[in-house]
Amino acid sequence: MVLSKINNYGKLVMFSHTIFSLPFGIIAMLWAANGVPHASTFFYIFLALVAARNGANAFNRIADRAIDIKNERTSKRVLVTGQVKLWEAYAITAVCFLVLAFSAYMLNTLCLILLPFALGIFLLYSYTKRFTWLCHYVLGVACGGAPVGAWIAVTGKIELVPLVLGAAVCMWIAGFDIIYATQDIEFDRKERLHSVPAKFGLATALWISRVSHIISICLLTSCYFLMDRGIFYLVGCFASAVLLAIEHFNVAPQNRNKMIFASYSINQILSLVFFAFAMLDFLVK
């Protein structure tokens, strides 16, 4: 019973998707500290990154509950089926955001000052599909905050490198979220929801996604020069570009399994591969 409930909570927040932005936050943390920061700093950064991602996703499920009920693709989500109660979802959201707030307090003043802005982005994203096709990029900004926040947590300053790395994450996330949204073109149009595919159609949406991913790789590569990284970092950038090419080759909006592979599985692999090469570069340089 307990394990089943924990599993349902994990499905609610899509816990496995924490892996998307977490590695970039850790990379930014190590770069900012030019090594491993103090154990307490490492702990609170890690805690903040995990709490932010899962709290934001739990709230997104709450905000989208009425929409998910109508969409056959999302009608089996645990909040819709009642496997997780609405009050439980609110409780998870509140706990995660409280943990995030406490972590910001324990880190430094600038983290605490910027906390309302971060929370505002998390909450805003869940409603953006109701009024703008830029919703994918708002999601990207929310996820791209991971390396920016981690850098600030270490240095107490906003600098160019984390902004570039955050922008790379933003464009990467937005690009594959657009791909994922191609499954719901007709549903979104029927319900008057906004997305790049619903606004511009399948072909144009896929080109916007491709351009977003090209920009992302360019931004990641620029960090090689900004941070004077080594050859392993460049290999990581190249491997990421190859994986994104495979992703776009596998796009098939009518094939649910193939879309999950293209939108999520490949990007989870990309995150881990890039992290591995960035870490290897950090260790040998």
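Every value quoted in this text rests on a predicted model; they were computed, and no experiment measured them. (Residues numbered from 1 in each chain as written. Predicted model: local features only at pLDDT ≥ 70, side-chain atom pairs only at ≥ 80, totals over all residues. Heavy atoms only, no water.)

Asks: Run through the state of the cysteines, naming residues and quoting values.
Replies: Note: disulfide means a covalent bond formed between the sulfur atoms of two cysteine side chains. What the rule picks out here adds up to zero disulfides. Cysteine cysteine 237 is unpaired, with the sulfur of cysteine 223 as its nearest cysteine sulfur at 7.8 Å. (Disulfide = S-S within 2.5 Å.)

Asks: Describe helix 3 (residues 39-63), naming the residues involved and giving the relevant values.
Replies: Between its terminal C-alpha atoms helix 3 stretches 36 Å, which fits the 36 Å expected from 25 residues at 1.5 Å a residue. With respect to burial, helix 3 is a largely interior element, 19 of its 25 residues being buried. (Helix = DSSP H or I, 4+ residues; strand = E, 2+ residues; numbered from the N terminus. Expected span 1.5 Å × (residues − 1). Buried < 20%, exposed > 50% of the residue type's maximum accessible area, 1.4 Å probe, protein only.)

Asks: I'd like a description of the packing of aromatic side chains, backed by residues and values.
Replies: For the structure on display, the rule yields 13 aromatic pairs. When the ring of tyrosine 224 is compared with that of phenylalanine 225, the centres are 4.9 Å apart and the planes differ by 85°; the resulting orientation is edge-to-face. On the basis of relative accessible area, phenylalanine 225 is assigned to the exposed category, the value being 62%. In textbook terms, an aromatic cluster arises when at least three aromatic residues are bridged by ring pairs, as seen for Phe20, Phe24, Trp31, Trp172, Phe176, Tyr233 and Phe274. Cation over ring: arginine 210 sits above tryptophan 207, and NZ or CZ is 4.5 Å from the ring centre. (Phe/Tyr/Trp six-rings, centres within 6.5 Å; stacked < 30°, edge-to-face > 60°. Lys NZ or Arg CZ within 6 Å of the ring centre and 35° of its normal.)

Asks: Please provide a residue-by-residue account of helix 9 (residues 160-181), values included.
Replies: Relative to the 32 Å expected for 22 residues at 1.5 Å per residue, helix 9 spans 31 Å between its end C-alpha atoms, a close match to the ideal helical length. The buried count for helix 9 comes to 19 of 22 residues, which makes it a mostly enclosed element.

Asks: Quick one: what's the story with a nonpolar patch on the surface, residue by residue and with numbers?
Replies: A contiguous nonpolar patch, built from Ile231, Phe232, Val235, Leu280, Leu283 and Val284 and spanning about 530 Å² of accessible area, is present on the exposed surface. At the level of secondary structure, the elements contributing two or more residues to the nonpolar patch comprise helix 13 (231-249) and helix 14 (256-284). You can see valine 284 is positioned in helix 14. (Patch = residues over 30% accessible without salt bridge, like charges linked within 9 Å, V, L, I, M, F, W, Y side chains within 5 Å. Areas by Shrake-Rupley, 256 points an atom, 1.4 Å probe, with all protein chains shown as cover. Salt bridge = Lys/Arg side-chain N within 4 Å of Asp/Glu carboxyl O.)

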